Each structure stands twice: as C-alpha cells, then as structure tokens.
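# Structural overview
What follows is the residue order along each chain.
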Amino acid sequence: MDLDLTCEQEALRSELRDWLAAHLPAEYGSGLPPRLADLSKAVELGRRWQAKLAEARWVAVTWPVEYGGRGLGAVEHFLVAEELARYRAPELVGRIGINLVGPTLLAHGSEEQRRRWMPPILSAEELWCQLFSEPDAGSDLASLSTRAEEVEGGFLVTGRKVWTSYAQFADWGLCLARTGPGSPRRHDGISALAVDMHAAGVQIHPLVQITGDAEFNEVILEEVFVPASNLIGTCGQGWAVASSTLAHERGTAFPFKEAVVHEGYLTSLYRQAQANGALEDPVVADALAQSYIELGLLRLENLRTLSRLERGEDPGPDSSRVKLIWTSMTQQLSDAALLVCGPGSGSSLSGTWQRQWLWSRAASIAGGTSEIQRDIIANRILGLPRH
Ligand SMILES: Cc1cc2nc3c(=O)[nH]c(=O)nc-3n(C[C@H](O)[C@H](O)[C@H](O)COP(=O)(O)OP(=O)(O)OC[C@H]3O[C@@H](n4cnc5c(N)ncnc54)[C@H](O)[C@@H]3O)c2cc1C
C-alpha cells in the first residue's frame, strides 16, 4: 500500500490537531495520561469528553454518515485514533460500544437496530458491555450455558456472566445465550441479544482486580425479558455475530492507539533511565532496546491490518497475531519499568508504573488468552492439524 497520506488526510489531521488544541482539558496533552482514582468519576469525565468529541464528529469516523459517522476509510480511522493518543486525550469511555458493538451492528444488525443504538453509542449517552464469558465458558466460549427461552414477544434470559468490563456503568449488554436445543455442533443454537442492563432480573457485582480497581463484574441474569426486536442477526446463528465482535476486539483500532500510548511510555522510561543512571546497566539497556523492537513490530503489524482493511477484507485470524505481539510488547515494556524505576533500581514501583505493570498481566488473558491466539494461528493461518 502507499504509506503517504493524501492531501485530504493531512487536512483531516490538521483539523483534529486544531480542535484538540482548543478543546483538550489542560491536564492532558503531554506526559503520561493522568488517572482518576475513583472509577465512577473517571467514567463521568469520560462521558462528558466523548460527548464533546462526538459533537465535533471525531468518534467512529468510519461509520456511515446516517449513523453519525463521517463515512471515511480505515486510514482516517487510524489517523484519528493515533492523533488522540498522541495528544494523550482521555480514552473513549464507550470503547466497547464503538469498537465492538458498532461494527457488529453494521455487519449483523437490522436497519432499525443501527438507527436505535449507534448514535447514543457515539455520544456515550448509552454505554455497552460485552456479556460473553461465563464461569465455565471463557476460552471455550461455545460451551456457554446462559439460556434464552422463547416466550411471547421475546426471550427470558437466565444465566451467569463473569469478567464483564464496565457492566456497572452499562446501559446495554451484548449477550450470547443458548436459544436452541443441545446440538452436536456446540456453536449452533447460540444467539446474540441486546440486554437492557437496567431491566428487572439483572444483578451486577463488581470484582476487584489486582490493580485495586473494580473494572469488571459478575452479572447474574434471572429471567430477564428481552424483546424479540433485540435479537441481533438470525436466531441460533449468534456464533457468526460473536466471531465478528471478537475479530474487532483483537485487531483493529486498539493496537494503533496502543502503539502511540506505548511510544509515550517508552520515551518516559528511557528519560528516567538516563536520569537515574539505570541506562548504564546493559541489562536495562537491553530491555529498553527489546521494547523498542517490539513496538516497531506492532507498528508493522498495524500497517498490515490497514492494508487488509483498505482492500476491503476483514481482520480475520490475523487479528490473533496482532494481539499476541501487543501482549508481548506491553508485558515486556512493563517488566522494563520494574528494572528502571522498581525494585531493580533500588526503589519500589508506584503510581502509573505500578498500575501499568499490574494491568499488563491481564493482557495475555483479556480478549482471548495467548494460548488460544496461538491455536488460532496454528489452525487457521498455518493450516496445522487440530491435534
Ligand atoms: C481485564 C479483562 C477484561 C475482560 N472483559 C471481559 C468482558 O468485558 N466481557 C467478557 O465477556 N469477558 C471479558 N473478559 C474475559 C476473558 O475473555 C476471559 O478471561 C478469557 O477468554 C479466558 O477465559 P477464562 O478466564 O475462563 O480462562 P480459561 O478459559 O478457563 O483458561 C484458563 C487457562 O487455560 C488455558 N487454556 C484454555 N483452553 C485452552 C486450549 N484449548 N489450549 C491451550 N490452553 C488453553 C488458557 O490459555 C488459560 O491459561 C475479560 C478478561 C480480563 C482479564
């Protein structure tokens, strides 16, 4: 692909830079992004920021104009994601809706569903969560046991979901549930439903992570009524819906933003290592060089994703490779921080670096574990036998 930006793309970038210069809150813009200790306050601030961005039409620029986007291409999408990250703008609080639910609705939703749900996703007026994982169905998602029993006018959903990020703030949940009878092909008989998180029968219990935040939750669903109009895609064919959600989760806009965010982390770490003399230690210098190389690899993978999308192809199984590279990069860089400003440097890790190191442990689990990504690469890219 041609890696140079067109005049229009350059103009879009300048327009965004001017807008950010005028609208970005003063505490953002440089250094490492600040974090609010109170998650609900951070979500509140995130909603206000996203509403402002959406008003200026800087959220989900690839979405068609009729659903609130700008109808632009993949290059513009990544350009905006990179620029927001470069300015250290607050992360989009409605990212599950924007990155996962919106593309899923575009691929599988009805016209009515797109018009109903996509505009409030953009403005963060309505937040979404992803009700996929269950206590006995994570990697092996097809073994999920949440049931959606067909009743007059819709379904009654009963089951237990877990690790549901931001469920306590969500208005809607994209839920996988079993509508069909048991079938030898476990992927059959699963349906995708939009569950109103404020409906009777929904219980949400926050779970505290090692970072100290309770970003994810256990969600109990007890005979929650879901109208038939909230079925996304065909009844019993929800596996196809889930597959497109997961491909977007693993490999499109997120790694672009992350490459820029980690550039900031690496620069900050390098400066710290120079300042405290840690860089003199060849082990530290090696660790930082390794981070630099892995970051470069992620950037190259991102360009590969961009080429695929520009050709009109789906991210497909390649998104598993991108996820693996991102995981290794973020964990390696976080380990380097331990050497530069943690116990390796004679002090203890605190603040942003402490949280970053702790959070990086989740990278090899969230969105599908590293072992599962390797299985997907082995089977679907390399064509190796399953056993
Ligand atoms: C920060 C974070 C946020 C999350 N947010 C959400 C969310 O919003 N919504 C949601 O639905 N889920 C969410 N998840 C859940 C996530 O998708 C699951 O944790 C993940 O799919 C793994 O499932 P599990 O935890 O049940 O582990 P298991 O599937 O039980 O796996 C346990 C271990 O066994 C290994 N293993 C399992 N099967 C195989 C195999 N076939 N071959 C080799 N090794 C295997 C795994 O790699 C892992 O090491 C989140 C997880 C995290 C960490």
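The rules behind these values
- Residues numbered from 1 in each chain as written.
- Predicted model: local features only at pLDDT ≥ 70, side-chain atom pairs only at ≥ 80, totals over all residues.
- Helix = DSSP H or I, 4+ residues; strand = E, 2+ residues; numbered from the N terminus.
- Rg over C-alpha atoms; globule rule 2.2 N^0.38 Å.
- Contact = placed C-beta atoms within 7 Å.
- Pairing = 2+ DSSP bridges.
- Expected span 1.5 Å × (residues − 1).
- Buried ≥ 20, exposed ≤ 12 C-beta atoms within 10 Å, placed from the backbone.
- Arc of directions from axis to C-beta.
- Domains from an automatic or database assignment.
- Bend = angle between axes of the 7 residues up to and from the residue.
- Near = placed C-beta within 6 Å.
- Core = buried A, V, L, I, M, F, W, Y, C linked by C-beta atoms within 7 Å.
- Axes fitted to C-alpha atoms, helices over the stretch in contact; angles between N-to-C directions.
- Left-handed = near helix turned anticlockwise from the far one by under 90°.
- Nonpolar A, V, L, I, M, F, W, Y, C, P; charged D, E, K, R; others polar.

The secondary structure content of the protein amounts to 11 helices and 8 strands. The C-alpha radius of gyration computed for the protein amounts to 21 Å, which stays within 12% of the reference 21 Å derived for 387 residues, consistent with globular compactness. Viewed in the frame of its principal axes, the protein has a C-alpha envelope of about 70 × 45 × 45 Å. Put simply, 73% of the contacts in the protein that link residues at least 6 apart link residues at least 24 apart.

Here strand β3 (residues 154-165) runs beside strand β7 (residues 216-227); their pairing, made up of 10 bridges, is antiparallel. Residue pairing for β7: V157 is matched across the bridge by V224. Of the strand pairs in this sheet, strand β6 (residues 202-207) and β7 are connected by 6 bridges, and their pairing is antiparallel. From the neighbouring strand, P206 faces β7, where its bridge partner is N217.

Summarising the element assignment, D286 is placed in helix α8 (residues 282-310). The sequence separation of D286 and R380 amounts to 94 residues, and the corresponding C-alpha distance is 34 Å.

What follows is about helix α5 (residues 111-122). In a regular helix each residue adds 1.5 Å, so 12 residues correspond to 16 Å; α5 covers 17 Å between its end C-alpha atoms and thus fits that length. Listing the buried residues of α5 in full gives W117, M118, I121 and L122. Relative to the axis of α5, the buried residues are bounded by an arc of 130° and lie together on one face. Elements in contact with the buried residues of α5: α2 (39-55), α4 (95-108) and β1 (128-131). Trailing α5 by a residue or two, A124 shows a phi angle of about 65°, which is positive.

Here the domain parsing of the protein yields domain 1 (7-93), domain 2 (128-237) and domain 3 (252-381). Distance between the C-alpha centres of domain 1 and domain 2: 30 Å.

Look at α4: 19 Å from first C-alpha to last across 14 residues, which is about the 20 Å you get at 1.5 Å a residue. At V101, α4 shows its largest bend, some 35°, and a proline, P103, comes one to four positions later. Counting buried positions along α4 gives 11 out of 14 residues, so the element sits mostly inside the fold. Along α4, the residues classified as buried are R95, I96, G97, I98, N99, L100, V101, G102, P103, T104 and L105.

Below, the discussion takes up the site of the ligand. Close to the ligand lie 18 residues, the nearest being F132, G138, S139, T369 and E371. Those elements giving two or more residues to the shell around the ligand turn out to be β1, β3 and α11 (370-381). Both of domain 2 (128-237) and domain 3 (252-381) provide at least three residues apiece to the shell around the ligand.

Attention now moves to the pairing of β3. When strand β2 (residues 147-151) meets β3, the two strands line up antiparallel, connected through 5 bridges. Across the sheet, residue R147 finds its bridge partner in β3, namely T158. The turn linking β2 back onto β3 is made up of 2 residues, and G153 within it adopts a positive phi angle of 80°.

The subject of this paragraph is the nonpolar core. One finds W128, V157, A170, L176, L193, V195 and V340 to be the most contacted residues of the largest nonpolar core, which totals 88 residues. In terms of residue count, helix α9 (residues 318-341) provides more of this core than any other element does, 11 residues in total. Not counting residues up to four positions away in its chain, the partners in contact with V157 are T146, A148, C175, A177, L193, V195, L221, V224 and V226.

A few words now on the environment of L303. With respect to the element layout, L303 can be found in helix α8. Linking L303 and L333, residues 30 residues apart in sequence, is a C-alpha distance of 21 Å.

Attention now goes to the packing of α9 against helix α10 (residues 351-360). Where α9 meets α10, the closest approach of the two axes is 9 Å, and the angle between their N-to-C directions is 145°. The interaxial crossing formed by α9 with α10 has left-handed handedness. The segment α9 lies against α10, with T330, Q331, S334, A337, L338 and C341 engaging W353, Q356, W357 and S360. For the contact of α9 with α10, the residue count by class is 5 nonpolar, 5 polar and no charged.

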